[in-house]
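# Coordinates in review
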Amino acid sequence: MGEIGALTQLDPGAGTSSVYVPCAPPGAPSDNTSQPYAVVAEAGVDGPARAKGIPLRQALTDFAYQLTRHAYDLAECKGSRDFPEQVPRYETR
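Described in the following lines is the structure provided in the data block.

Rules and cut-offs
- Residues numbered from 1 in each chain as written.
- Predicted model: local features only at pLDDT ≥ 70, side-chain atom pairs only at ≥ 80, totals over all residues.
- Heavy atoms only, no water.
- Helix = DSSP H or I, 4+ residues; strand = E, 2+ residues; numbered from the N terminus.
- Buried < 20%, exposed > 50% of the residue type's maximum accessible area, 1.4 Å probe, protein only.
- Disulfide = S-S within 2.5 Å.
- Core = buried A, V, L, I, M, F, W, Y, C linked by side-chain atoms within 4.5 Å.
- Contact = heavy atoms within 4.5 Å.
- Pairing = 2+ DSSP bridges.
- Axes fitted to C-alpha atoms, helices over the stretch in contact; angles between N-to-C directions.

## Quick word on the environment of Pro-29
Along the chain, Pro-29 falls in the loop between β2 (14-22) and β3 (38-46). The exposure class of Pro-29 is partly exposed, given its relative accessible area of 44%. When the C-alpha positions of Pro-29 and Ala-71 are compared, they lie 21 Å apart, and in sequence the two are 42 residues distant.

In structure tokens, the structure reads:
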């Protein structure tokens, strides 16, 4: 744990991307390892979009990542985290 994770799902006519960053809130006990805390942001499109496939997946993930970075700062998570400038690029096949 401790890593940033992303999950994207594309369906015909819709798509979502969620980005997960572990984050212990200020009042959380430090010895509570059975209760994971995180900041999760989700971005999606419902209906037709100009982008499709990998470009849509990347755009949604990038947007969700920016939301997560902002929410992490607002949540005042215990400890500090260095965020990469951007999430890795999805591979084109």
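## Some points on the state of the cysteines
Evaluation of the coordinates by the stated rule reveals one disulfide. Paired by a disulfide, Cys-23 and Cys-77 hold their sulfur atoms 1.7 Å apart. Taking the torsion about the S-S bond as the criterion, the Cys-23 to Cys-77 disulfide, at about -95°, is left-handed. One end of the pair, Cys-23, is in the loop between β2 and β3; the other, Cys-77, is in the segment after α1 (53-75), with 54 residues separating them in the sequence.

## Brief notes about the nonpolar core
Counting 13 residues, the largest nonpolar core has Cys-23, Val-39, Tyr-65, Tyr-72, Cys-77 and Phe-83 as the members making the most contacts within it. Elements that contribute at least two residues to this core include exactly β2, β3 and α1. Apart from the residues within four sequence positions on either side, Tyr-72 is in contact with Val-21, Pro-22, Cys-23, Val-39, Cys-77, Lys-78, Gly-79, Ser-80, Arg-81 and Phe-83.

## Description of the sheet that holds β2
The strand order across the open sheet built from three strands is β1-β2-β3, with neighbouring strands paired in antiparallel fashion. The sheet is open, and its two borders are formed by β1 (5-11) and β3, each paired with just one other strand. Ignoring strand direction, the axes of neighbouring strands in this sheet form an average angle of 10°. In this structure, β2 lies alongside β3, joined through nine bridges in antiparallel fashion. Across the sheet, Ser-18 pairs through a bridge with Glu-42, a residue of β3.

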